[in-house]
Amino acid sequence: ATLIEECYHDMSHLPPPSAVVCSVGGGGLLMGVLAGLKNTPSWSDVPVIAVETVGANCLSRSLDAKGVVELDAITSVAKSLGANKTTQLIYDTCASAVERGVLKSAVIDDAAAVQGAVTFLEAHRCIVEPACGAA
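Residues numbered from 1 in each chain as written. Predicted model: local features only at pLDDT ≥ 70, side-chain atom pairs only at ≥ 80, totals over all residues. Heavy atoms only, no water.

**Concerning helix 2 (residues 28–38)**
Part 1 of the reasoning: Burial in helix 2 covers these residues: Leu30, Met31, Gly32, Val33, Leu34, Gly36 and Leu37.
Part 2 of the reasoning: Contacts made by the buried residues of helix 2 are with helix 1 (2–11), strand 1 (20–23), strand 2 (48–53), helix 3 (58–65), helix 4 (88–100) and strand 3 (103–108). (Buried < 20%, exposed > 50% of the residue type's maximum accessible area, 1.4 Å probe, protein only. Helix = DSSP H or I, 4+ residues; strand = E, 2+ residues; numbered from the N terminus. Contact = heavy atoms within 4.5 Å.)

**Section: the side chain of Ser60**
Part 1 of the reasoning: Assignment of secondary structure puts Ser60 in helix 3.
Part 2 of the reasoning: Setting aside residues up to four positions removed in sequence, Ser60 forms contacts with Glu52, Ser105 and Val107.

**Quick word on the side chain of Asn57**
Part 1 of the reasoning: By the secondary structure assignment, Asn57 is in the loop between strand 2 and helix 3.
Part 2 of the reasoning: Beyond its immediate sequence surroundings of up to four residues, Asn57 is in contact with Glu52, Leu71 and Val107.

**Here's the deal with the packing of helix 2 against helix 4**
Part 1 of the reasoning: Orientation of helix 2 relative to helix 4, taken along the N-to-C sense of each, is 45 degrees, at an axis distance of 10 Å. Considering their axes alone, helix 2 and helix 4 lie oblique with respect to each other. Our pair here, helix 2 against helix 4, has a crossing hand that is left-handed. Listed contacts from helix 4 to Gly28, Leu30, Met31 and Leu34 of helix 2 are Leu89, Ile90, Thr93, Cys94 and Ala97. (Axes fitted to C-alpha atoms, helices over the stretch in contact; angles between N-to-C directions. Parallel < 35°, antiparallel > 145°, perpendicular 65-115°, else oblique. Left-handed = near helix turned anticlockwise from the far one by under 90°.)

**A few points about the nonpolar core**
Part 1 of the reasoning: Membership of the largest hydrophobic core comes to 22 residues, with the highest contact counts inside it found for Val20, Leu30, Val33, Leu37, Val48, Cys94 and Leu103.
Part 2 of the reasoning: Secondary-structure elements contributing two or more residues to this core are strand 1, helix 2, strand 2, helix 3 and helix 4.
Part 3 of the reasoning: Of all hydrophobic cores here, the second largest spans seven residues; its members include Val51, Leu81, Ala113 and Ala134. (Core = buried A, V, L, I, M, F, W, Y, C linked by side-chain atoms within 4.5 Å.)

**Regarding helix 4**
Part 1 of the reasoning: Along its 13 residues, helix 4 runs 18 Å from first to last C-alpha, staying within 8% of the 18 Å computed at 1.5 Å per residue.
Part 2 of the reasoning: Buried within helix 4 are the following residues: Ile90, Tyr91, Cys94, Ala95 and Ala97. Buried positions in helix 4, seen along its axis, are confined to an arc of 160 degrees and lie on one side of it. Exposed and facing more than 90 degrees away from the buried side of helix 4 are Leu89, Glu99 and Arg100.
Part 3 of the reasoning: Residues of helix 4 that are buried sit in contact with helix 2, helix 3 and strand 3.
Part 4 of the reasoning: Where helix 4 ends, the next residue or the one after it, Gly101, has phi of about 80 degrees, a positive value. (Expected span 1.5 Å × (residues − 1). Arc of directions from axis to C-beta.)

**Digging into the sheet that holds strand 1**
Part 1 of the reasoning: Read from one edge to the other, the open sheet built from three strands follows the order 1-2-3, with strand pairing classed as parallel. Every interior strand has two partners, whereas the edge strands, strand 1 and strand 3, have only one. Neighbour to neighbour, the strand axes of the sheet diverge by 25 degrees on average, direction disregarded.
Part 2 of the reasoning: Here four bridges tie strand 1 to strand 2, and the two strands are oriented parallel to one another. Following the sheet pairing, Cys22 is matched in strand 2 by Ala50.
Part 3 of the reasoning: Sheet strands touched by helix 2: strand 1, strand 2 and strand 3. Its angle to strand 1, the strand with the most contacts, is close to 160 degrees. (Pairing = 2+ DSSP bridges.)

Next comes the structure, spelled out in structure tokens:
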């Protein structure tokens, strides 16, 4: 939640963001982002796009199945997104956020995640891992 608090503090003179994009592994960072937005009145309706890669998409598969799903294996190159399942609390919180319209799940392939990292490198001369490129 402190990530959102820090962003709000630094950007409070600006309009709220149109969305927050968050790479998701098991969902811990996403939980903090959702909590931070919920606790920031002028940002409480800012939507979050939860991005996972195919082969590390336990949250999206759980949301589709309407219950926690465990992946057999992590097959994505974005290994830091590689949680084989999320917790019941994270699933419940995310399912509720989807129902309220403040969370959208997106799944991309490894090539798109790697391309995102390359694009970031070309724009900023800074190397990031595919998990960051996914967002």
